[in-house]
Structure formats: C-alpha cells, structure tokens
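# Observations on the model geometry
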Amino acid sequence: MSFLKFPDNFYWGAATAAHQIEGNNVHSDWWVWETEFAGKDGGPKERSGIACDSYNRYEEDFTLAKSLNHNAHRMSIEWARIEPQEGIIDEREIEHYRKVLKSLKSKGMSTFVTLWHFSLPHWLRDKKGWGNLLTPMYFARYSKLVAERLGEHIDFFITLNEPQAYVALRHLVKLWIPSMKTTFLDFLDGWVGLIRGHNASYKAIKEVNPSYQVGIVENIMYMEPKRNTLWNKFMCDWRKFIQFRLFFAFTLKNSDFLGVNYYFHDVIGPGDYFINMSSIETTGEVSDWGWQIYPEGIYHIVKELCCYYDKPIFITENGLADAKDEKRESFIVRHLYYLQKAISEGVCVNGYFHWTLMDNFEWAEGYIRKFGLIEIDRENNLERKIRPSAYTYARICKENGIGEDLLKEFNLE
Ligand code: GCO
C-alpha cells in the first residue's frame with residue numbers, strides 16, 4: 001500500500017481542557033469538590049492543584065505543539081475564571097485568554113475553543129448547575145461575551161463537551177461531584193438544561209457574528225450487536241438512541257459541525273438496555289486504564305454519523321492512557337488509517353485532535369492516567385518531555401498523511 005493522504009487543509013492537533021491543565025481553578029465547582037473530598041469516599045483520588053501550570057506556561061506548551069507540526073489546537077476557556085461570581089466579569093481573565101489565543105494564532109495555528117468542558121463556576125453549583133432553568137440563559141450570556149470579546153481569535157466554537165457523559169457520570173453513576181440527594185429527575189433536568197444550553201449558546205454566538213462556526217462534541221462509542229439477531233440489533237439502536245441520537249435530534253439544527261470523541265467499543269447483548277460498564281470491551285489489547293484499543297471503530301462511527309446527519313465531522317478527542325508510551329504510536333497510526341479509509345469513501349472529516357497534548361488531571365482519577373503526547377514530570381518542576389510517539393504523529397501532521405513504511409510496520413496493507 002502506498003502513502004495515505006488526508007484532504008488538503010486538514011486540521012491536525014491535540015485537545016486539552018482548562019481545568020485539567022491550567023492549575024488553581026479556584027472558582028470552579030470541581031475545585032471545591034476536590035478541596036472537600038479528595039482522597040475520601042465520594043471524592044476524586046487527588047486534587048488538581050497546580051495541574052500542568054499551563055495558565056502560566058501556555059507559551060511553552062504551544063511552542064512544543066508547533067514544533068510537533070500541529071496546525072490547530074483544541075483548548076477550553078474556563079467559565080469560572082471569566083465569571084467568578086454571578087454577573088461579575090473578570091476583565092483580567094478575558095485579557096489572559098486573549099493572550100493565550102493570540103499566542104496560538106501567532107504560531108499559525110487554528111483555534112478550536114470549548115466553552116464548557118465539565119467544570120462550572122461554583123456559584124452555579126449552588127443553584128443546581130445545569131438543573132437550574134436559568135443556567136442555559138447564563139451560559140448564553142457567557143458565550144456571547146466570549147464571542148464578542150475574543151471571537152476574532154476563535155476559528156471554531158464548541159459549546160459543550162460530552163454533555164451526555166457528564167450527566168450520566170454525575171447523576172446516574174454518581175462518580176463526578178456526586179450528591180446523596182441526586183435523583184433520576186436531576187439527570188433529566190441536567191440533560192434538558194444542556195440541550196437548551198447548547199441551543200441558546202449557538203444562537204448567542206451567531207447573533208454576534210453569523211459566520212462564526214459553532215458545534216458540539218459528543219462521546220461516541222462504537223456499538224455493535226453481540227449477535228446478529230433482530231433483538232440484539234434493536235438493542236444496539238436503542239442504545240445509540242439514548243446515548244447520542246436523542247441529544248443530536250434536539251441540537252442538530254443548531255450545529256455547524258459535529259465533534260466526536262472516540263474511546264470505546266461496546267458490544268450490546270439482549271439485556272443491555274442502559275450503559276453498562278461491563279459491556280464496554282476490555283478484552284484484547286487495552287490501555288493502562290483497561291479500555292480496549294479498537295481502531296476500526298472510528299471508521300464505523302464516522303461512516304454512520306455522516307449518513308445520519310450530513311454535517312462536517314471533527315475528531316475532537318481520541319487517545320489512550322499509556323505511561324510507558326508502548327502502544328501510542330501504533331494506536332495513532334491505526335486509528336488514522338481507519339479514519340483515512342472513511343474519508344476516502346466520502347465521509348467529511350476535517351480534522352483530528354489527539355487526546356491529549358500532555359499528561360494532566362483526569363476528573364475523578366487524578367494524575368495516574370497518562371494520556372499525553374508529552375510527559376509531565378511532576379517530580380521535576382512539571383518539566384515537559386516529548387514522548388517518542390509524538391514524533392510519529394508529528395511526521396503524519398507534517399506530511400498530511402501516513403507513510404508507506406508506517407503502514408508496513410503496523411501491517412496495514
Ligand atoms: C472526557 C473528556 C476528557 C478526558 C478524556 C480521557 O471524555 O472525559 O473530554 O476530559 O480527560 O476523555 O478520559
């Protein structure tokens with residue numbers, strides 16, 4: 001097989017989220033939860049603390065990303081910094097993010113900016129977060145502000161990151177910022193709030209400038225029936241319906257593009273009515289976190305999304321926990337091989353963002369999960385050390401395709 005080319009002007013980069021890398025996100029609900037419960041029952045394993053100190057070291061981070069040939073970068077703006085108290089805007093933080101975005105732009109990198117990546121301003125938590133009927137309006141107000149003040153430096157707006165995963169992990173699994181009092185109603189309230197939040201945010205950004213590109217990011221598992229029986233296939237469709245199709249049905253007309261985070265392969269049996277951690281595949285080759293590595297899944301999901309929704313797609317996250325960097329290179333090459341295959345069959349995918357640029361704070365897990373193209377040495381002043389796999393990815397970004405030697409090395413004939 002010869003060189004596999006990606007479309008011209010393809011966006012290549014890595015994705016990050018503010019709370020996971022910036023450090024000292026003191027006005028957010030996550031920070032307050034960590035402060036109260038880290039290391040205890042119902043709390044995260046540890047506190048985020050200074051994280052990667054990217055709030056101060058962003059220039060260094062972007063210089064590294066640029067040196068690895070990334071031509072785009074996905075980051076998030078922290079609502080809790082911009083609006084630390086209800087209705088009070090911190091101008092210094094707006095100026096901070098202006099510098100951050102300008103730094104990317106000055107390096108010739110396109111900017112993909114998520115407005116909400118899981119953490120909320122703490123004042124909103126006291127008002128039940130997304131469960132409050134007014135939260136979509138607050139979110140639209142903040143979105144409008146970002147669009148007005150910083151929009152000139154933003155190429156793609158992402159309203160929400162993985163809303164479905166968030167409400168499920170908070171209110172059903174009760175892993176993230178859990179509350180003893182949480183009921184199924186809170187789950188539904190949060191879910192509806194996030195749908196309304198996306199739609200209100202989209203409209204607010206478009207009012208500022210109708211040409212701004214605005215989309216949403218969902219976690220899409222590759223789901224397939226355990227056996228090819230009618231019931232299993234039906235269950236599989238049902239699971240897709242509740243996991244993302246229903247959400248998309250309410251938000252699609254207000255999305256210029258779809259962002260896909262791909263991590264999981266799920267095999268659905270006759271009784272798997274709802275997400276069931278045990279059906280998520282953990283067999284065969286797995287990451288440090290035990291998640292199955294299933295590159296072919298990316299092909300199937302973008303093919304399906306393309307024919308269902310007919311919207312441009314970006315892979316906004318895809319990666320693995322791999323502290324020793326033993327599997328990352330093959331992970332990247334093989335996922336990109338299948339992505340290119342879908343593109344060559346006509347699927348409109350315009351970019352790929354690896355999760356993540358550097359090791360960071362994983363929501364309930366703390367620092368144990370090493371997803372970075374770059375290692376962060378936490379014992380040594382957060383020193384950034386590029387992992388070998390990052391260079392292979394850098395080569396693919398530079399050549400805008402996968403070389404013949406890599407295809408041979410990973411038996412992708
Ligand atoms: C999510 C997020 C990321 C995670 C990543 C690894 O999906 O939870 O978007 O913030 O860190 O997916 O779990």
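Heads up: these notes are all about the structure in this document. All residue numbers refer to positions counted from 1 along the written sequence of the respective chain. pLDDT decides what is reported in this predicted model: residues at 70 or higher carry local features, side-chain atom pairs at 80 or more are listed and counted, and totals for whole chains, interfaces and linings draw on all residues regardless. Hydrogens and waters are ignored; side-chain quantities use all the structure's heavy atoms.

One heavy atom within 4 Å of a molecule or strand makes the whole residue count as near it. Of all residues adjacent to the ligand, which total 14 residues, the nearest are Q20, E162, E317, E362 and W363. Polar contacts, as used here, are pairs of N or O atoms within 3.5 Å; protein pairs need one atom able to donate a hydrogen and one able to accept it. Residues neighboring in sequence count only if both atoms are side-chain atoms. Contacts to the ligand include E162, whose side-chain N or O atom sits 2.6 Å from an oxygen atom. Within the side chain of W363, a nitrogen or oxygen atom sits 2.9 Å from an oxygen atom of the ligand. A 1.4 Å probe and the Shrake-Rupley method give the accessible areas. Residues count as covered only by the protein chains that appear here. Look at the ligand: alone it shows 320 Å² of surface, and the protein chains cover 95% of it. When atoms are counted within 2 Å of each cavity's grid points, the one that captures over half of the ligand is the largest pocket. Residues are grouped as follows: nonpolar covers Ala, Val, Leu, Ile, Met, Phe, Trp, Tyr, Cys and Pro; charged covers Asp, Glu, Lys and Arg; every other residue, Gly included, is treated as polar. For the shell around the ligand, a count of residues per class yields seven nonpolar, four polar and three charged. Grid points spaced at 1 Å over the protein atoms alone were grouped into cavities, where a 1.4 Å probe fits but cannot get out, and pockets, open sets with protein on both sides within 12 Å along at least five of seven lines, with lining residues defined by an atom within 4 Å of a point. For a cavity or pocket, the test is whether more than half of a molecule's atoms lie within 2 Å of its grid points; if they do, the molecule sits there.

Turning to empty space enclosed by the protein, a few remarks are in order. Grid points are joined across faces, edges and corners, and a volume is the space filled by probe spheres set on the points. One pass over the full model with this rule turns up five cavities of 30 Å³ or more. By volume, the largest cavity amounts to about 150 Å³. Around the largest cavity, the lining is made up of 18 residues, and of these I21, E22, Y58, F62 and V100 lie nearest the centre. Numbering of helices and strands starts at the N terminus; helices are DSSP runs of H or I of at least 4 residues and strands are runs of E of at least 2. For the lining of the largest cavity, the secondary structure elements donating two or more residues are α1 (18-21), α3 (54-67), β3 (72-76) and α5 (91-106). Broken down by element, the lining of the largest cavity gets its largest block of residues, five residues, from α3.

What follows deals with unusual backbone geometry. A cis amide bond links W355 with the next residue in sequence, T356, at an omega value of 15°. Looking at the element boundaries, T356 is found in the loop between β11 (349-355) and β12 (374-377). Positive phi outside glycine occurs at D53, with the angle close to 55°. Following the sequence through the fold, D53 ends up in the loop between α2 (29-37) and α3. You will see that N400, though not glycine, has its phi angle at about 55°, which is positive. Mapped onto the fold, N400 is located in the loop between α13 (388-399) and β14 (401-402). With relative accessibility at 15%, the residue N400 sits in the buried group. Throughout, exposure labels follow a simple rule: accessible area from a 1.4 Å probe, protein chains only, divided by the maximum for the residue type, with under 20% read as buried, over 50% as exposed, and the rest as partly exposed.

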